[in-house]
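The lines below spell out each chain.
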Amino acid sequence: MDTKSFIQKRFSEFYREKASDIEAPRLIEQREFGFLLFKGNVMVRHKSFGTVEALRSFVKQIVPAHAYYSTAYYEAPEEKMENKGWLGADLYFDIDADHIPTECGKIHDRWKCKTCGFTGKGVTPETCPMCGGKTFENKTWPCEVCLESAKSEMVKLVDILVEEFGFSPDEVEVSFSGHRGYHVHVENEVVKELDSVARKEIVDYITGVGLEAALHGVGTRSHVTSSGSSGRGFDNIGWRGRISRGAYKVLSAATEEDLKNLGLKEKAVEKILSNKELILKTWERSGPWQPIGGLSKDALQAIINRAVQNESAKIDTVVTTDIHRLIRLPNSLHGKTGWLKVVFPTSEIERFDPLKNAVAFKKGEAKVYVDEAPRFRLGEELFGPFKHEKVELPMAAAVFLLCKGAAELVE
Amino acid sequence: MVLTRFDLAKYPFVLDAAEEVRRLDLDIGNLENPALKAILDRAENRIEEALRNSPPEVSYRPREEDVEIPSFPVAVILAAASGNDYIKRRYALAEAIRAYKLLQDEDEKKVLEIAKVFNWNIQNVKKIIGHRRYDFALSFTDFLRNAKLFHEMEWKLVNRMLVKGKVYLRQREAARLLQEEIRRRIEERLRSDVRSMLPEPVLRRIDDLKRKYASRIAKAQFQDFPRQVVNEAFPPCIRMLYDAAKSGQHVSHLGRFTLTSFLINIGMKPEKVVDLFRSSSDFNVRIARYQVEHIAGQRGSRTRYKPPRCETLKTHGLCPGPDDLCKTIRRPLSYYGKKTRTLKKEVSAN
Ligand code: SF4
Ligand SMILES: [Zn+2]
Ligand SMILES: [Zn+2]
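Okay, so let's go over this structure.

How each quantity is defined
- Residues numbered from 1 in each chain as written.
- Chains lettered and ligands numbered in written order.
- Predicted model: local features only at pLDDT ≥ 70, side-chain atom pairs only at ≥ 80, totals over all residues.
- Heavy atoms only, no water.
- Helix = DSSP H or I, 4+ residues; strand = E, 2+ residues; numbered from the N terminus.
- Buried < 20%, exposed > 50% of the residue type's maximum accessible area, 1.4 Å probe, protein only.
- Contact = heavy atoms within 4.5 Å.
- Buried area = accessible area lost by both parts, 1.4 Å probe.
- Salt bridge = Lys/Arg side-chain N within 4 Å of Asp/Glu carboxyl O.
- Polar contact = N/O pair within 3.5 Å; in protein donor to acceptor, adjacent residues only side chain to side chain.
- Near = heavy atom within 4 Å.
- Pairing = 2+ DSSP bridges.
- Axes fitted to C-alpha atoms, helices over the stretch in contact; angles between N-to-C directions.
- Donors = N, O, S within 2.8 Å, 3.2 Å for Na, K, Ca; no water.
- Tetrahedral: all angles 85-135°; square planar, octahedral: opposite > 155°, others 65-115°.
- Parallel < 35°, antiparallel > 145°, perpendicular 65-115°, else oblique.
- Left-handed = near helix turned anticlockwise from the far one by under 90°.
- Nonpolar A, V, L, I, M, F, W, Y, C, P; charged D, E, K, R; others polar.

**Description of the environment of Glu-57 of chain B**
Residues and elements named next belong to chain B.
(1) Moving on: With respect to the element layout, Glu-57 can be found in the loop between helix H3 (37-52) and helix H4 (65-82).
(2) Moving on: For Glu-57, a relative accessible area of 23% corresponds to the partly exposed category.
(3) Moving on: Sequence-wise, Glu-57 and Thr-315 are 258 residues apart; in three dimensions their C-alpha atoms are separated by 39 Å.
(4) Moving on: Those residues in contact with Glu-57 that sit more than four places away from it in its chain are Glu-49, Ala-94, Ile-97, Arg-98 and Lys-101.

The structure is reproduced here in structure tokens:
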């Protein structure tokens with residue numbers, strides 16, 4: 001049996017038993033569904049289902065490598081795009097390690113330009129530095145460190161959605177994508193009809209794009225108000241509070257090296273470091289709104305820029321502004337890992353362990369020949385690193401390596 | 001709080017227009033009745049003020065409720081009957097600006113009352129945060145619907161105080177957003193075709209007005225597009241034609257006309273447009289130049305042609321399928337206008 005048929009067989013067994021875990025999205029009859037088939041990498045789109053039973057039996061029958069549905073609601077989901085009749089769409093966010101630069105990413109992620117063959121490590125660039133090409137082949141790894149950093153971006157995002165946008169934590173549904181990231185889904189009547197331009201404004205808010213510190217009080221005179229404490233802005237909700245708290249965090253943790261990395265000159269760095277305690281004291285009283293002795297206007301701006309960068313959440317901007325987007329179906333299998341897309345409550349974010357909670361295959365073993373794989377964990381068990389070797393692994397680990405294309409099946 | 005007749009004269013758009021016309025027995029066919037002359041005169045005058053004043057603005061006349069209130073719905077009927085997009089847009093804007101100015105100094109309770117007419121989720125707040133004082137808290141969706149096309153950085157959501165779903169605003173800002181809402185609502189009302197229902201003398205008034213301001217209307221057709229051609233802002237139909245022409249593929253006559261008139265109207269030099277067709281197999285410089293200059297209004301009829309409406313393009317198979325922005329417009333040029341404005345905002349935001 002070849003590797004692909006083997007994976008498909010495991011997926012098939014899984015769905016025979018667990019397709020019943022797939023739940024109907026709200027207003028299922030208004031959603032478009034799409035499935036990527038194992039065979040020929042074909043995408044079956046424009047499907048629609050009246051009931052969740054119909055959806056489940058379809059999944060059982062075709063056994064897709066990936067299963068999706070639309071964030072959008074349509075009058076006629078099965079029609080061609082221009083005739084579907086768009087009725088609105090949920091607000092959706094995607095946080096993927098692909099967009100977050102990490103140290104380990106430089107080791108385990110690779111890309112190759114499809115046009116000229118140039119290769120590199122870490123985050124895939126938008127255009128090839130060699131030829132300007134825009135399409136790449138990637139080899140990425142869902143490593144634990146990267147997943148953790150994606151999670152902390154999600155925590156920031158959820159905080160912004162609840163504190164600033166005012167969604168209740170129950171309206172905000174979070175999930176693990178089944179590969180390298182997390183999704184955040186808001187179903188709410190008031191956001192349903194927002195167009196892409198309005199959604200872009202939400203994206204810019206979350207990513208801090210276009211933020212002008214002056215409009216949040218930086219450089220303004222009358223920053224200390226009669227009520228006293230609000231002058232410093234620590235407890236303000238919104239970007240004013242984030243700037244104030246974030247700048248404080250940046251400065252109090254700053255080493256000489258950090259400050260240099262902000263682009264500050266040696267002299268300026270020296271001055272800040274020797275006045276650090278004093279500056280922080282002043283900030284505790286009246287916030288980072290003015291340059292003060294030892295901290296020039298430019299240095300303040302540099303610290304605030306870094307604070308904005310730290311406090312913003314690194315979401316995939318395209319996903320949120322696309323009001324016809326197909327998103328992964330919860331409790332379906334991800335064809336690149338054999339892991340599940342798992343929805344969980346926001347209160348569980350801290351405790352959620354993707355490498356345990358998303359494991360689908362819990363029975364049996366398989367023998368595989370691993371080309372190359374870094375050390376990885378699934379559940380409580382550690383595997384690898386492997387290089388050019390034949391090993392017998394528990395099914396979840398074997399399917400994972402096969403799906404990632406890091407291993408071949410051994411008969 | 002209830003709005004008084006004094007308030008209604010300031011904000012006549014909050015009334016159901018049809019209701020108001022009925023109440024006064026102002027049936028449309030009866031508009032030439034001399035008893036109603038004052039109302040009709042003021043209605044016409046409202047539109048004229050919109051066309052004459054720059055920036056457009058309708059005047060406010062206190063203590064004339066009996067004319068001020070009914071003249072608004074009548075003016076809406078007249079503007080709609082003009083059938084001219086420029087007059088309609090200009091009139092809606094002028095009424096909205098009038099309201100904006102009045103709302104800035106209005107009693108806060110009344111501002112709320114008017115916002116509620118448009119189903120805004122808005123409250124009074126009295127807050128000073130940092131260095132700023134705020135008067136209102138508006139739901140971010142109502143905010144975005146109205147502010148998303150403003151260019152200034154202070155209108156970007158990221159630069160606003162956003163707390164628990166509410167954007168904090170000063171009264172002037174709330175009034176500015178209401179202006180936008182009012183403009184849109186009036187423009188919606190202006191869409192209906194009422195011409196056939198109006199008596200001859202009334203129609204004559206509209207046509208006279210059109211004639212009087214003909215040069216202004218004509219000039220306004222040259223919308224203020226960016227000085228440089230922004231290829232990324234082409235609608236799908238133009239994009240398709242442009243690529244086809246560039247790669248020397250056959251482009252139908254209407255296709256050429258559409259592409260040429262589009263490019264000329266957004267400010268591309270005629271020579272450049274001629275160059276675009278160079279790779280086509282049947283290219284002939286002389287003929288191409290003649291055609292382009294003709295469309296540009298440098299020859300023959302001296303009128304500058306505009307690209308056909310979406311409807312026409314669709315029936316001739318030149319619309320490759322509308323995208324989201326297409327759904328908000330009726331002609332490719334408006335698409336370009338809107339898109340360049342959003343792109344500009346994005347660039348300044350980066
Ligand atoms: S809808 Fe209009 S603007 Fe959009 S592609 Fe078709 S013709 Fe062009
Ligand atoms: Zn390349
Ligand atoms: Zn990593």
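**Remarks on the side chain of His-324 of chain A**
(1) Moving on: On the secondary structure map, His-324 of chain A appears in the loop between helix H11 (317-321) and strand E12 (326-328).
(2) Moving on: Excluding residues that lie within four positions of it along the chain, His-324 of chain A makes contacts with Arg-45, Ala-72, Tyr-74, Met-81 and Trp-86 of chain A together with Asp-324 of chain B.

**Side note on the interface of chain A and chain B**
(1) Moving on: In this assembly, 37 residues from chain A lie in contact with 31 residues from chain B.
(2) Moving on: Each partner contributes to the roughly 2,800 Å² buried at the junction of chain A and chain B, and carbon and sulfur atoms together form 62% of this total.
(3) Moving on: Joining chain A to chain B, the criterion identifies 3 salt bridges.
(4) Moving on: Between Asp-204 of chain A and Lys-156 of chain B there is a salt bridge whose closest N-O contact spans 2.7 Å.
(5) Moving on: Counting across the interface, chain A meets chain B through 9 residue pairs in polar contact (both at pLDDT 80 or more).
(6) Moving on: Contributions of two or more residues to the side of chain A that touches chain B are made by helix H4 (144-163), helix H5 (189-192), helix H6 (196-207) and helix H7 (239-253) of chain A.

**Some remarks on the site of ligand 1**
All names here are of chain B.
(1) Moving on: Every residue close to ligand 1 is listed here: Pro-235, Pro-236, Cys-237, Cys-310, Leu-313, Lys-314, Cys-319, Pro-320, Pro-322, Cys-326 and Ile-329.
(2) Moving on: Listed by contribution, the elements that provide at least two residues to the shell around ligand 1 are helix H11 (236-246) and helix H15 (310-315).
(3) Moving on: Looking at which element gives the most residues to the shell around ligand 1, the answer is H15, with 3 residues.

**A look at the sheet that holds strand E8 (residues 119-121) of chain A**
Residue and element names in this part refer to chain A.
(1) Moving on: Reading across the sheet, the 3 strands line up as E8-E7-E9 and stay open at both edges, with antiparallel pairing between neighbours. Each edge of the sheet is formed by a strand with only one pairing partner; in this case those strands are E8 and strand E9 (136-139). Ignoring which end each strand starts from, the neighbouring axes of this sheet average 20° apart.
(2) Moving on: Pairing of strand E7 (residues 110-113) with E9, which is carried by 4 bridges, proceeds in the antiparallel orientation. Residue Trp-111 lies in a different strand from E9, and its bridge partner there is Asn-138.

**Topic: the pairing of strand E6 (residues 91-96) of chain A**
Residue and element names in this part refer to chain A.
(1) Moving on: Among the 6 residues that make up E6, 6 are buried, leaving the element largely enclosed by the rest of the structure.
(2) Moving on: Side-chain alternation along E6 places Leu-91, Phe-93 and Ile-95 on one buried face and Tyr-92, Asp-94 and Asp-96 on a second face that is also buried.
(3) Moving on: When E6 meets strand E11 (residues 181-186), the two strands line up antiparallel, connected through 6 bridges. Within E11, the residue paired with Tyr-92 across the bridge is His-185.

**Focus on the coordination of the zinc ion (ligand 2)**
Residues and elements named next belong to chain A.
(1) Moving on: In the first shell of the zinc ion (ligand 2), the protein supplies Cys-113 (SG), Cys-116 (SG), Cys-128 (SG) and Cys-131 (SG), at 2.2 to 2.3 Å from the metal.
(2) Moving on: For the zinc ion (ligand 2), the 4 donor atoms are set out with angles of 107 to 113° between them, so the coordination reads as tetrahedral.
(3) Moving on: Using a relative accessible area of 2% as the deciding quantity, one classes Cys-113 as buried.
(4) Moving on: Owing to a relative accessible area of 38%, Cys-131 belongs among the partly exposed residues under this scheme.

**Some details on the coordination of the zinc ion (ligand 3)**
Residues and elements named next belong to chain A.
(1) Moving on: Binding of the zinc ion (ligand 3) to the protein goes through Cys-104 (SG), His-108 (NE2), Cys-143 (SG) and Cys-146 (SG), at separations of 2.1 to 2.3 Å.
(2) Moving on: Geometry at the zinc ion (ligand 3) is tetrahedral, judged from its 4 donor atoms and the angles of 104 to 115° they form at the metal.
(3) Moving on: The motif formed by the donor residues of the zinc ion (ligand 3), counted along the single chain, is C-x3-H-x34-C-x2-C.
(4) Moving on: Here Cys-104 falls in the buried class, since its relative accessible area comes to 16%.

**Structural notes on the sheet that holds strand E17 (residues 386-394) of chain A**
Sheet strands pair by backbone hydrogen bonding; their relative direction is either parallel or antiparallel.
Residue and element names in this part refer to chain A.
(1) Moving on: Reading across from one edge, E17-E14-E18 is the order of the 3 strands in this open sheet, with antiparallel pairing throughout. The open sheet has two edge strands, E17 and strand E18 (407-409), and neither has a second partner. Strand-to-strand twist across the sheet, computed as the mean angle between neighbouring axes with direction ignored, equals 25°.
(2) Moving on: The sheet contact formed by strand E14 (residues 365-373) and E18 spans 3 bridges and is antiparallel. When the bridges of E18 are listed, Val-370 appears paired with Ala-407.
(3) Moving on: Sheet contacts for helix H13 (residues 395-404): E14, E17 and E18; angle to E17, the most-contacted strand, approximately 140°.

**Topic: the packing of H3 of chain B against helix H9 (residues 200-212) of chain B**
Residues and elements named next belong to chain B.
(1) Moving on: It is the contact of H3 with H9, at a shortest axis distance of 11 Å, that shows an interaxial angle of 20°. What the angle tells us is that H3 and H9 run roughly parallel. Judged by the sense of rotation from one axis to the other, the crossing of H3 with H9 is right-handed. The residues of H9 that touch H3, namely those facing Lys-37, Leu-40, Asp-41, Glu-44, Ile-47, Glu-48 and Leu-51, are Val-202, Arg-205, Leu-209 and Lys-212.
(2) Moving on: Residue composition of the contact of H3 with H9, grouped by class: 5 nonpolar, no polar and 6 charged.

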